Amino acid sequence: MGACVEYEEQASLHAAEALEGEEATRFQAHLESCAACRAEVASAREVLGLVALPPQTPVEVRAQEGLGSRTLAAWRREQSRRGMSRRALGSLAAVAAVVALMLGPSALERLKAPHSTAAPDTVRTASTRDDVDAETLAAFEAWAGLDPLEDDGSGYGVDEDLTWEGDDADLDGDYDLGETL
């Protein structure tokens, strides 16, 4: 025979020592007069005894005491690290943007400029070369001053034909357009 229908839930709660106040007092008074409910509470206590954990050791008690504060501290450290890495990444992106803005125009000009095939340390100007004497250099400068090589093409129309109309016999066949003085 089981517990009274209206006291079934209270019997389990009483066995687990979860009833408090006036409700516990009322159920205790009922237990004194009802053998079926007393048997139900005894049965529930037996089952609960089988699943009960053994008492905690002192090491477990110490570990459990600081668990909340250690967990909160670890969470705060993690949030701080995430925030720092986000700030560092944002700063790095800002620095990269500033560098790109500062170096961008000069990089574009370098891309547009014709590339030299000689290594930068082997390129030398005529004034620094040891094998060019002053007379040759003066003659070159005089020639350059009389016949400038600057031609922006403004004398030609867009629709004009710029094909060669001269006699090819006047040209030296071994002349290289890239040849320099």
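Everything below is about the structure printed above this text.
Now for a description of the structure that goes with this document.

Conventions we followed
Residues numbered from 1 in each chain as written. Predicted model: local features only at pLDDT ≥ 70, side-chain atom pairs only at ≥ 80, totals over all residues. Heavy atoms only, no water. Helix = DSSP H or I, 4+ residues; strand = E, 2+ residues; numbered from the N terminus. Buried < 20%, exposed > 50% of the residue type's maximum accessible area, 1.4 Å probe, protein only. Contact = heavy atoms within 4.5 Å. Salt bridge = Lys/Arg side-chain N within 4 Å of Asp/Glu carboxyl O. Axes fitted to C-alpha atoms, helices over the stretch in contact; angles between N-to-C directions. Parallel < 35°, antiparallel > 145°, perpendicular 65-115°, else oblique. Left-handed = near helix turned anticlockwise from the far one by under 90°. Nonpolar A, V, L, I, M, F, W, Y, C, P; charged D, E, K, R; others polar. Arc of directions from axis to C-beta. Core = buried A, V, L, I, M, F, W, Y, C linked by side-chain atoms within 4.5 Å.

### Focus: the overall build of the protein chain
- Of regular secondary structure, the protein chain possesses six helices and zero strands.
- Secondary structure elements in the protein chain, listed N-terminal to C-terminal, are α-α-α-α-α-α.
- The buried share among the 181 residues of the protein chain stands at 9%.
- Contacts in the protein chain between residues at least 24 apart in sequence constitute 45% of all its contacts with a sequence separation of at least 6.

### Some thoughts on the pattern of salt bridges
- Using the criterion set out here, one finds two salt bridges in the structure.
- Salt-bridge contacts for E78 lead to R81; the nearest nitrogen and oxygen are separated by 3.9 Å. Taken together, the positions of E78 and R81, both in helix α5 (residues 67-112) and three residues apart, correspond to about one turn of that helix.
- Looking at R81, the relative accessible area reads 52%, which means it is exposed.
- The shortest N-O distance in the salt bridge between E78 and R82 comes to 3.3 Å. On the criterion of helical spacing, the pair formed by E78 and R82 is a turn pair, its members being four residues apart in helix α5.
- You can call E78 partly exposed: its relative accessible area is 32%.
- Ionic contacts of the salt-bridge type, sharing partners, join the residues E78, R81 and R82 into one network.

### Details of the side chain of H14
- Turning to its location among the elements, H14 is positioned in helix α1 (residues 8-15).
- Among the residues examined, H14 registers a relative accessible area of 15% and is labelled buried.
- Sequence-distant contacts of H14, defined by excluding residues within four places in its chain, comprise L19, F27, Q28, L31, V41 and R45.

### A look at the side chain of H30
- Inspection of the secondary structure puts H30 in helix α2 (residues 21-33).
- For H30, the contacting residues outside a window of four places in its chain are C4, Y7 and C37.

### Considerations on the packing of α1 against helix α3 (residues 35-51)
- One way to put it is that α1 packs onto α3 with a least axis distance of 8 Å and a crossing angle of 45°. Accordingly, the angle class assigned to the pair α1 and α3 is oblique. In terms of crossing hand, the pair formed by α1 and α3 is right-handed. Mapping the contact onto sequence places A11, H14 and A15 in α1 and E40, V41, A44, R45 and L48 in α3.
- Its residues assigned to classes, the contact of α1 with α3 shows five nonpolar, one polar and two charged.

### Some words on α2
- All of the buried residues along α2 are A24, F27, H30 and L31. An end-on view of α2 places all buried positions within 125° of arc, on one side of the element. Turned more than 90 degrees away from the buried face of α2 sit E22, T25, E32 and S33, all of them exposed.
- Next to the buried residues of α2 lie α1 and α3.

### Some details on the nonpolar core
- Counting 12 residues, the largest nonpolar core is built from A3, A11, A15, L19, A24, F27, L31, C34, A36, C37, V41 and A44.
- Elements with a minimum of two residues in this core: α1, α2 and α3.
- When neighbours within four sequence positions are excluded, F27 is seen to be in contact with Y7, Q10, A11, H14, L19 and V41.

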